[in-house]
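Chains, contacts and geometry: an overview
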Amino acid sequence: MEFTDSYKQTGPCCFSPNSRFIAVAVDYRLVVRDTLSFKVVHLFSCLDKISYIEWALDSEYILCGLYKRPMIQAWSLTQPEWTCKIDDGPAGIAYARWSPDSRHILTTSDFQLRLTVWSLVNTACVHVQWPKHTSKGVSFTQDGKFAAVCTRKDCKDYVNLISCHTWEIMGVFAVDTLDLADIEWSPDDSSIVVWDSPLEYKVLIYSPDGRCLFKYQAYESGLGVKSVSWSPCGQFLAVGSYDQMLRVLNRLTWKTFAEFIHVSTVRGPSCTAIFKEVDEPLQLNMSELCLSDEFIQGNSDSTEGHFRVRYEVTEMPVTLPFQKPLVDKPNPKQGIGLMLWSKDSQYICTRNDSMPTALWIWDIHHLELAAILVQKDPIRAAAWDPTCTRLSLCTGSPHLYMWTPAGAYCVNIPLSEFAITDLKWNSDGSCLLLKDKESFCCAAVPVLPESSDYSSDE
């Protein structure tokens, strides 16, 4: 695995959808680099510090959120002289996103007063009153033809179906939620899932015409749903809850066919591989070197304290580090806070927030626990390779961790004082973007062979 030099960043960094460019925020400047050569191909100056970056799906435009102003600026890679500035006046701008056609920008005002659709073609704008959330509550179909926008009026939640061609509201229906948390179209665009706030366990499946297809409630008392995610194939719906359980529903019957519990002491199954991160002192053999006595005395302690990390396969039973949540504070750190599907929908990785150093990998095809990665530090981020079954994660340390069905391994970052706090794959799976607090670098990832066999100390 090869790494680039580190480069300065002060905010968001992201790959373009076509994987050709990397957009980086450096104070008020937007720097666009070529992914292969890492040369700067465009440099745009914004009016204030950049808080948010998002590429249009066609990779031709980039929007920058200047939320301190508040204002949006958009730039074109094919026409660098073209500029766009969006200011919603007293209403303000709290969030912005692209439409699927890459020619409209949707902004949400402060206090969720309205959602505005701005056209880059004819400068027209359309308003949707009372959006439920700032950054959540909006979902587009896979074909980009329709948008589902959640609104709230008279203490009732509604879903508005909007045409992305005319931006007219095609239909509105009320949903049976007390305080709607979010919404997401199914991958085949045949249904919509909405779920309630943590105070009420409720997952509802609706058809686009507003019929409730299924209502799911695992239990009544206690905090409810924490995360929901469709599998890429669209056959499964995963629901992570505050009771530290992952439940998977079948889309054909809407029945729960798998329930996975995250326990602090793991005793089985025997096929589960448990990889524990351990330190290994570096052993340097200097017996055959001809060195002066003065050099040896001056450097006798130079190799002490130097370690490399590797995974050690641990036998069961194993007890995982557990943090008891504080009962006197809101939003307790428990439940399934991280949940990600692999590209082929066979695996799903989860993190129980009360055991933040453990990443669980479940095999949906065999309905069993495939592996657990036990880290020394809490897991900051994880991401699946978009082209194959390979998982990467980081913990705020100078190491990158990878897992495949063949095993797990650790990679040391050859950059001084570089601690990975976030990571992202590009769309073709050839490159990883690694973020430190004030810098970033990229790693060229080799293509994973079908019969890969990695050792745990690479």
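Heads up: these notes are all about the structure in this document. Quick caveat, the model's predicted, so the values are computed rather than measured.

**Some remarks on the overall build of the protein**
In terms of regular secondary structure, the protein is built from one helix and 41 strands. Its C-alpha radius of gyration of 24 Å places the protein within 12% of the 23 Å reference for a compact globule of 458 residues. Projected onto its principal axes, the C-alpha positions of the protein cover 80 × 55 × 45 Å. Taken over 458 residues, the protein has a buried fraction of 53%. Contacts spanning at least 24 positions in sequence make up 45% of the contacts within the protein whose residues lie at least 6 apart.

**Let's talk about the side chain of Ser186**
Note that Ser186 resides in the loop between β19 (180–185) and β20 (192–196). Exposure remark for Ser186: the relative accessible area of 0% places this residue in the buried category. One polar contact links Ser186 to Asp188, side chain to side chain, over a distance of 2.6 Å. Polar contacts involving the side chain of Ser186 include one to the main-chain amide nitrogen of Ser190, which spans 3.2 Å. Setting aside residues up to four positions removed in sequence, Ser186 forms contacts with Ser191 and Trp230.

**What about the layout of surface pockets?**
By volume, the largest pocket is sized at about 1,100 Å³. For the largest pocket, the lining is made up of 28 residues, of which Val138, Ser139, Phe140, Gln142 and Glu184 are closest to its centre. Of all the elements, strand β23 (residues 225–230) adds the most residues to the lining of the largest pocket, at five residues. In terms of residue class, the lining of the largest pocket is made up of 14 nonpolar, eight polar and six charged. By volume, the second largest pocket is sized at about 250 Å³. Along its surface, the second largest pocket is lined by 16 residues, and Thr35, Leu36, Ser430, Cys431 and Ala444 are the ones closest to its centre. Those elements that provide at least two residues to the lining of the second largest pocket are β1 (2–3) and β41 (439–444). When residues of the lining of the second largest pocket are assigned to their parent elements, the largest contribution, three residues, is made by β41.

**With respect to the nonpolar core**
Judged by nonpolar contacts, the single largest core of 22 residues is most densely connected at Leu246, Val248, Val266, Ile348, Trp360 and Ile372. Those elements that place two or more of their residues in this core are β24 (236–241), β25 (245–250), β26 (256–261), β31 (336–341), β33 (358–363) and β34 (368–374). Dropping the residues within four chain positions of it, Val266 is found in contact with Ile274, Met316, Pro317, Val318, Leu320, Trp360, Leu369 and Ile372. Membership of the second largest hydrophobic core comes to 20 residues, among which are Val309, Tyr347, Ala371 and Leu393.

**Some remarks on the packing of aromatic side chains**
Counted under the stated rule, the structure contains 23 aromatic pairs. Ring geometry for Tyr201 versus Tyr216: centroids 6.1 Å apart, planes at 70°, classification edge-to-face. Placement of the pair is Tyr201 in the loop between β20 and β21 (203–206) and Tyr216 in strand β22 (residues 212–216), with a sequence separation of 15 residues. Classification of Tyr201 as buried rests on a relative accessible area of 1%.

Parameters at a glance
Residues numbered from 1 in each chain as written. Predicted model: local features only at pLDDT ≥ 70, side-chain atom pairs only at ≥ 80, totals over all residues. Heavy atoms only, no water. Helix = DSSP H or I, 4+ residues; strand = E, 2+ residues; numbered from the N terminus. Rg over C-alpha atoms; globule rule 2.2 N^0.38 Å. Buried < 20%, exposed > 50% of the residue type's maximum accessible area, 1.4 Å probe, protein only. Contact = heavy atoms within 4.5 Å. Polar contact = N/O pair within 3.5 Å; in protein donor to acceptor, adjacent residues only side chain to side chain. 1 Å grid on protein atoms, 1.4 Å probe; cavity = no way out; pocket = protein on both sides within 12 Å on 5 of 7 lines; lining within 4 Å. Points joined across faces, edges and corners; volume = space filled by probe spheres on them. Nonpolar A, V, L, I, M, F, W, Y, C, P; charged D, E, K, R; others polar. Core = buried A, V, L, I, M, F, W, Y, C linked by side-chain atoms within 4.5 Å. Phe/Tyr/Trp six-rings, centres within 6.5 Å; stacked < 30°, edge-to-face > 60°.

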